[in-house]
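# Report on the structure
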Amino acid sequence: NIHWTWDRRTHALFAQLDAALWESSGHDPLRLIAGITATRWAELSADPEIATLTDAAADRLARAITEPRWFQGRPNSPLELVAYFSPEFGLTETLPQYSGGLGILAGDHLKAASDLGLPLVAIGLLYAEGYFRQRLNADGYQEERFPRLDPHGLALTPTGVQVSIEMADDIARLNVWEVTVGRVTLYLLDAAVDSNSPEVAAITNRLYGGDIEHRLRQEMVLGIGGVRALRALGLNPQVFHTNEGHAGFLALERIRELVVSGLTFAEAIEVVRAGGVFTTHTPVPAGIDRFPYDLMLKYFGNFATSIGVEFDELMAVGRRPDEPADDRFNMAVMGLRLAGRSNGVAQLHGAVSREMFQGMWPDVSVEEVPIGAITNGVHAHTWVSDGIADLLANSVGPVWDGADKASWAGVAKLSPTEVWATRTKGRSDLVSFVRSNFGEALLDPQALTIGFARRFATYKRATLLLSQPERLRRLLLDADRPVQFIFAGKAHPA
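In this text the structure is predicted, and so the values were computed from the model without any measurement. Per chain, the residues get numbers from 1 upward, laid out in the order the sequence is written. Local features in this predicted model are restricted to residues of pLDDT 70 or higher, and side-chain atom pairs are both shown and tallied only at a pLDDT of 80 or more, whereas totals for entire chains, interfaces and linings draw on every residue. Excluded from the side-chain calculations are hydrogens and water; all other atoms, namely the structure's heavy atoms, are used.

## Quick word on the overall build of the chain
What counts is decided by this rule: Where helices and strands are cited, they refer to DSSP runs of H or I of at least four residues and of E of at least two residues respectively, numbered from the N terminus. Note that the radius of gyration is over C-alpha atoms, with the globule rule given as 2.2 Å times the number of residues to the power 0.38. Whether a residue is buried, partly exposed or exposed follows from its accessible area with a 1.4 Å probe, protein chains only, as a fraction of its type maximum: under 20%, in between, or over 50%, in that order. Shrake-Rupley sampling with a 1.4 Å probe provides the accessible areas, and residues are treated as covered by the protein chains on show and by no other component. Counting rule applied: Lys, Arg positive; Asp, Glu negative; His and chain ends not counted. For charged residues, the charge sits on one atom: NZ in Lys, CZ in Arg, CG in Asp, CD in Glu.
When its secondary structure is counted, the chain shows 19 helices and 15 strands. Relative to the 2.2 N^0.38 estimate, which gives 23 Å for 494 residues, the radius of gyration of the chain is 25 Å and therefore close to what a compact globule would have. The dimensions of the chain, computed from C-alpha atoms along their principal axes, are 70 × 60 × 55 Å. When the 494 residues of the chain are sorted by exposure, 43% land in the buried category. Accessible area for the chain stands at about 25400 Å²; split by element, carbon and sulfur atoms hold 55% of it. For the chain, the distance from the average position of its 46 positive side-chain charges to the average position of its 59 negative side-chain charges is 4 Å.

## Thoughts on the pairing of strand 1 (residues 82-85)
The side chains of a regular strand alternate between both faces of the sheet. We count it as follows: Note: two strands are recorded as paired if DSSP finds a minimum of 2 bridges between them.
The side-chain alternation of strand 1 yields two buried faces, one formed by V82 and Y84 and the other by A83 and F85. Pairing between strand 1 and strand 8 (residues 239-243): four bridges, direction parallel. Each residue of the ladder has a partner; that of V82, found in strand 8, is V239.

## A look at empty space enclosed by the protein
Note the following rule: Cavities and pockets are defined on a 1 Å grid built over the protein atoms alone: a cavity is a set of grid points where a 1.4 Å probe fits but cannot escape, while a pocket is an open set with protein on both sides within 12 Å along at least five of seven lines, and lining residues are those with an atom within 4 Å of any such point. Grid points are joined across faces, edges and corners, and a volume is the space filled by probe spheres set on the points.
Evaluated as defined, the whole model comprises four cavities of 30 Å³ or more. One number sums up the size of the largest cavity: a volume of about 90 Å³. For the largest cavity, the lining is made up of 14 residues, of which T242, L250, A251, G335 and L338 are closest to its centre. Elements that contribute at least two residues to the lining of the largest cavity include exactly strand 8, helix 9 (249-260), strand 9 (276-279) and helix 13 (331-337).

## Some remarks on the nonpolar core
As a reminder, the rule being used: We call a set of buried residues a nonpolar core when its members are Ala, Val, Leu, Ile, Met, Phe, Trp, Tyr or Cys and they connect through side-chain atoms within 4.5 Å of each other. In what follows, a contact means two residues having at least one pair of non-hydrogen atoms within 4.5 Å.
In terms of nonpolar packing, the biggest core is built from 63 residues, with F249 and F300 touching the most fellow members. The element that contributes the greatest number of residues to this core is helix 8 (residues 212-232), accounting for eight residues. Beyond its immediate chain neighbours, meaning those up to four positions away, F300 contacts L216, M220, I224, F249, L252, F311 and L314. By size, the runner-up hydrophobic cluster in this structure holds 20 residues, among which are Y84, L110, L156 and L188.

## Notes on the packing of helix 9 against helix 11 (residues 293-306)
When two helices pack together, their arrangement is given by the angle between the helix axes and the distance between those axes. Selection criterion: All axes here are fitted lines through C-alpha atoms, helices being fitted over the stretch that makes contact, and every angle between N-to-C directions spans 0 to 180 degrees. Just so you know how the angles are binned, under 35 degrees is roughly parallel, over 145 roughly antiparallel, 65 to 115 roughly perpendicular, and the rest oblique. Less than a right angle of anticlockwise turn of the near helix away from the far helix marks a crossing as left-handed, whereas a clockwise turn marks it as right-handed. Basically, the charged four are Asp, Glu, Lys and Arg, the nonpolar ten are Ala, Val, Leu, Ile, Met, Phe, Trp, Tyr, Cys and Pro, and anything else, Gly included, counts as polar.
Direction vectors running N to C along helix 9 and helix 11 enclose 25 degrees, while the axes themselves pass 10 Å from each other. One way to sum up the angle between helix 9 and helix 11 is to call them roughly parallel. Remark: the crossing between helix 9 and helix 11 carries left-handed chirality. Facing F249, L252, E253 and R256 of helix 9, the residues of helix 11 in contact are M296, F300, F303 and S306. Within the contact of helix 9 with helix 11, the residues separate by chemical class into five nonpolar, one polar and two charged.

## Here's the deal with the pairing of strand 7 (residues 184-190)
Most of strand 7 sits out of view: seven of its seven residues are buried. Side-chain alternation along strand 7 places V184, L186, L188 and D190 on one buried face and T185, Y187 and L189 on a second face that is also buried. Looking at chain direction, strand 2 (residues 120-125) and strand 7 are connected through five bridges and run parallel. Among the inter-strand pairings, G124 is bridged to a residue of strand 7, identified as L188. Here strand 6 (residues 170-181) hands over to strand 7 after two residues, with G182 in that stretch at a positive phi of 60 degrees.

## Quick notes on the pattern of salt bridges
The test is simple: Only one rule defines a salt bridge in this text: a Lys or Arg side-chain nitrogen within 4 Å of an Asp or Glu carboxyl oxygen.
Using the criterion set out here, one finds 17 salt bridges in the structure. Note that R69 and E67 form a salt bridge whose closest N and O atoms lie 3.2 Å from each other. Between K298 and E213 there is a salt bridge, with the nearest N and O atoms lying 2.8 Å from each other. Here E213 lies in helix 8 and K298 lies in helix 11, a separation of 85 residues in the sequence. Residue K298 is classed as partly exposed on the basis of its relative accessible area, which comes to 46%. Connected via shared salt-bridge partners are E129, R148 and R206.

## Examining the environment of T92
Note that T92 resides in the loop between strand 1 and helix 6 (101-116). Each C-alpha atom, one on T92 and one on R217, is 26 Å from the other, the two residues being 125 residues apart in sequence.

## Observations concerning the sheet that holds strand 7
In space, the nine strands of this open sheet follow the order 5-6-7-2-1-8-9-12-13, with mixed pairing throughout. The open sheet has two edge strands with one neighbour each: strand 5 (157-167) and strand 13 (372-373). Sitting on the sheet, helix 8 is in contact with strand 1, strand 2, strand 5, strand 6, strand 7 and strand 8, with an inclination near 125 degrees to strand 5.

## Notes on the environment of I36
In this fold, I36 is placed in the loop between helix 3 (29-35) and helix 4 (38-45). On a C-alpha basis, the gap between I36 and G107 in space is 29 Å, while along the polypeptide they are 71 residues apart.

Nothing here speaks to function; it is all geometry.
Right, here's the structure in full:
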């Protein structure tokens, strides 16, 4: 169970088992446990402190996944199960199935759902090569590597379930793996099946790799394959939450199920919309998946026939009324159209999204476009440093991340000296990490340090800092108030 990923005390216990191995494993419990020798296990079993810490860790885990939480205090809630679909999940570095913010948000979503006791399952893809690993060559250019992952060496369990979907003139067979995230289960679909053609098997090789057709095939596996996996597992969620448009084909599969059961296409759309939630992340049109007519016809022509509609009627689900009839199929448009609730990921982003998509609701003002906003949250225990967590535990209470307003008033009693010392240590630790990896002469542990850790895509605007060079020069060379910047982020290979 990978609940350990957000338990600091369990991390400390793993380090005590074998400090050197814990570091060399990349803080991977599975690799750590596999690498400990029989002699070392004998030593550990005879150590009463280790035994006590292990019992305490097991007890914390048992309570975290069984004791009543926030949702269990709502006995009259009609909600039984939510399915959360995302193309990536950033849970831990030892399960490299994410590339950036979308995945980090999804990972935090699952951890927070577990902490709240929400009835939630998640669906994603198992990428055989993850995103990619990079290094800088002697000329300073990024070079990418795609090491293949052994799923049996990851925190995964095979479910034994296999589903299939029609893929134009081929069949994609998909194995389903299980990841336990506290009390939430994540299911990952894997096309690396021996009976698949090489082209189909490659669908889940890499996150965000390949051309537009490869992307379409991935999204069919995630959306259509994901719904079929849930059914094969005996799960029937009431709510389907689509994290960005990549998983949007799940709605078409749900429509197909309902048409097969006897509803008309129009009736099925209404039922699907009632249980759909859509979160849009992208603030620029260029970042939204749109597929050409001919490509959609190749992969969804038979699908339209199977549900008794003309192909153009199916295409209309992903078209804006203010765009030409032969335009591409827009995954965000479909997501918005087939969801009863839609939201951006910040108040400002909600406003931007209402402007971007107003053409879908031409008869209402921008302010009335039905796209709300839920500001992106973070899972506090994943991101707060040990020192700050200790300050909060001592001033707010042991469950500081779920404390009420009165408890949070306790932070006013903290010593400013103690808070500043903790901040200073955090900055010093960051500088030490950078120096150990890139050179002893780098950075100043006393300077204000500003980090830019986003992926290097042009719309992320990493070069904005250089737009006022003289002002930047004054900031960097101020002897009394020194400032330094750390840039860290991968560029897409393309």
